[in-house]
Amino acid sequence: MITSPQKHIKTPPSGDGGLKKRFAIFGNVHQAKKSVSIQKLLACLQQHNAEVVMEEDFYKFLTEGQKLDITVNRTFTGNDFDADFAFSLGGDGTLLRVAEMVGANQTPIVGVNFGRLGFLADVSPAEMESVIDDLYNGKYAVEEHAVIKVSTPSPLSSPYALNDIAVLKRDTASMISIRCYIDGEYLMTYQADGLVISTPTGSTAYSLSNGGPIIVPTTNVLCLTPVAPHSLNTRPIVINDTSVVELSVESRSHNYLVAVDGRSESLNDEVRLTIKKAAYKTMIVKRHSRKYFNVLRDKMLWGLDQRG
């Protein structure tokens, strides 16, 4: 997951116009030592007289689990919040979860990286105060990232993905057969451990680890990448993101997994999948100082001499 260049980007007006800004805070409850930075974030927001709401589970983790003395305007569950910005405190996995919670509300997400790589969540804890100043001064951009949706006869609990939708075998022994159609036209039958349908944002996630290409996130395409294909002639293919992908699966165990941004559900192999671009996009806040190819070189270690 890598941020995109300054293209197809909505830039907000400068200044806050005297209006009180509202912030929704989400966090990772598995990063105890790093979560103390929340006090620094909240103090800065209080200085700006911001209205702050926090995900209830994260609030309980901080106050009851970590014994932190913090104050917010209220807590919320699910997507029961209304905010100008959503802060994601964790890694890219946390940001993916926040994107799911925000959904069609399209609240711009600020990703603060308490994890490791941080392709999407690219703000360091040390930068939080300056980022908030930028939000109030209009010194930021909002990138639009495509989302895809998987449809089944019985709707999945979480059908939307910012990164990818993967069809995978359940058992450890045999591969599965995935018959694939693009806009109603037969493409091929994949004999493989699975198939990843990724957005450009997700091209540097599971797809990349299976040999897929790096795709600039603002490119209007989708990528189909096989997982451990039986034939070396089976290669990733890039299609237009207006295309509709239909999949039917055959498995010796008569079931398979569909993973939507890592959230897995088991399906019977009689279930046919339809995957297409969602009606909304995920909005991610980027600072003007963040340049796509600089981030790409840094995260991929391009040009780094690793010889001893």
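Q: For this particular structure, what's the right way to read the overall build of the protein?
A: Tallying secondary structure elements over the protein gives six helices and 18 strands in all. The C-alpha atoms of the protein give 21 Å as radius of gyration, which agrees with the globular expectation for 308 residues (19 Å, within 12%). Dimensions of the protein along its principal axes, counting C-alpha atoms only, are 60 × 45 × 40 Å. Per-residue burial over the protein gives 51% buried out of 308 residues. Considering only contacts in the protein between residues 6 or more positions apart, those separated by 24 or more positions represent 69%. Accessible area of the protein: about 14,400 Å², with a carbon and sulfur share of 48%. The distance from the centre of the 32 positive side-chain charges to the centre of the 33 negative ones in the protein is 4 Å.

Q: Explain the sheet that holds strand 13 (residues 221–227) here, please?
A: Strand pairing in a sheet relies on backbone hydrogen bonds, with the paired strands running either antiparallel or parallel. Pairing is antiparallel across the open sheet formed by six strands, whose spatial order is 14-13-12-9-16-17. Only two strands of the sheet have a single neighbouring strand rather than two, namely strand 14 (237–240) and strand 17 (263–268). Taken pair by pair, the neighbouring strands of this sheet meet at an average axis angle of 20°, ignoring direction. Of the strand pairs in this sheet, strand 9 (residues 164–169) and strand 12 (residues 194–198) are connected by five bridges, and their pairing is antiparallel. Bridging from a neighbouring strand, Leu168 pairs with Gly194 of strand 12.

Q: Got a minute to help me understand the pairing of strand 16 (residues 255–260) in this structure?
A: As judged from the five bridges shared by strand 9 and strand 16, these two strands associate in the antiparallel manner. Among the inter-strand pairings, Val167 is bridged to a residue of strand 16, identified as Val258. As paired strands, strand 16 and strand 17 are joined by six bridges and run antiparallel to one another. Counted as the bridge partner of Tyr256 is Leu267 from strand 17. Taking the residues that link successive antiparallel strands as the turn, the strand 16-strand 17 hairpin has two residues, and the phi of Asp261 there is positive, at about 50°.

Q: How should I be thinking about the pattern of salt bridges in this particular structure?
A: It is possible for side chains bearing opposite charge to pair when their charged atoms get close. Under the counting rule described, the total for this entry stands at 13 salt bridges. For Glu144, the salt bridge is made with Lys281, and the minimal N-O distance between the two is 3.7 Å. With a gap of 137 residues between them, Glu144 in strand 7 (residues 140–151) and Lys281 in strand 18 (residues 273–287) connect regions that are remote in the sequence. We classify Lys281 as partly exposed; its relative accessible area is 29%. Measuring nitrogen to oxygen at the nearest pair gives 3.3 Å for the salt bridge that ties Lys277 to Asp241. On the criterion of sequence distance, the pair formed by Lys277 in strand 18 and Asp241 in the loop between strand 14 and strand 15 (245–250) is long-range, its members being 36 residues apart. Salt bridges here are not isolated pairs; linked through shared partners, they connect Arg22, Asp82 and Asp84.

Q: Where do I start with the side chain of Lys286 in this structure?
A: If you trace the backbone, Lys286 turns up in strand 18. At a separation of 3.2 Å, a polar atom in the side chain of Lys286 contacts the side chain of Asp122.

Q: Explain unusual backbone geometry to me, please; I cannot follow it from the model alone.
A: A positive phi angle is found at His254, which is not glycine, with a value near 65°. Its location among the elements puts His254 in the loop between strand 15 and strand 16. Phi at Asp261 takes a positive value of approximately 50°, unusual for a residue other than glycine. Locating Asp261 in the fold gives a position in the loop between strand 16 and strand 17.

Q: Just to check I follow, could you spell out the nonpolar core for this structure?
A: Buried together is how nonpolar side chains tend to be arranged in soluble globular proteins. Ile25, Ile38 and Phe87 are the most contacted members of the largest nonpolar core, which has 32 residues in total. Setting aside chain neighbours within four positions, we find Phe87 in contact with Phe23, Ala24, Ile25, Phe26, Leu41, Val110, Val112, Ile132 and Leu135.

Q: Is there a simple way to explain helix 4 (residues 128–137) in this structure?
A: Because each turn of an α-helix spans 3.6 residues, side chains separated by three or four positions end up pointing in the same direction. Within helix 4, the full set of buried residues consists of Met128, Val131, Ile132, Asp134, Leu135 and Tyr136. Elements in contact with the buried residues of helix 4: strand 2 (22–27), helix 1 (37–47), strand 5 (85–90), strand 6 (109–113), strand 7 and strand 18. At the exit of helix 4 stands Gly138, carrying a positive phi of roughly 75°.

Thresholds, definitions, all that
- Positions within a chain are numbered from 1, following the residues in the order the chain's sequence is written.
- pLDDT decides what is reported in this predicted model: residues at 70 or higher carry local features, side-chain atom pairs at 80 or more are listed and counted, and totals for whole chains, interfaces and linings draw on all residues regardless.
- The side-chain values count all of the structure's non-hydrogen atoms but skip hydrogen atoms and water molecules.
- Each helix corresponds to a stretch of at least 4 residues labelled H or I by DSSP, and each strand to a stretch of at least 2 residues labelled E; elements are numbered beginning at the N terminus.
- The size measure is the radius of gyration over C-alpha atoms, and the globule rule it meets is 2.2 Å times the number of residues to the 0.38 power.
- Accessibility here uses a 1.4 Å probe with only protein chains present; expressed as a share of the type maximum, an area under 20% marks a residue as buried, one over 50% as exposed, and anything in between as partly exposed.
- Whether two residues touch is decided by their heavy atoms; if any such pair falls within 4.5 Å, the residues are in contact.
- Values of accessible area rely on a 1.4 Å probe in the Shrake-Rupley scheme; residue burial ignores everything except the protein chains shown.
- His residues and chain termini do not enter the charge count, which takes Lys and Arg as positive and Asp and Glu as negative.
- To locate a charge, the coordinates of NZ of Lys, CZ of Arg, CG of Asp or CD of Glu are taken.
- Two strands form a pair only when DSSP identifies at least two bridges running between them.
- Fitted lines through C-alpha atoms give the axes, limited to the stretch in contact for helices. The angle between two N-to-C directions lies from 0 to 180 degrees.
- For this analysis, a salt bridge means a side-chain nitrogen from Lys or Arg found within 4 Å of a carboxyl oxygen belonging to Asp or Glu.
- Pairing of N or O atoms within 3.5 Å defines a polar contact, subject to two protein rules: one partner must be a possible hydrogen donor and the other a possible acceptor, and residues neighboring in sequence count only if both atoms are side-chain atoms.
- What is meant by a nonpolar core is a set of buried Ala, Val, Leu, Ile, Met, Phe, Trp, Tyr and Cys residues, joined one to another through side-chain atoms within 4.5 Å.

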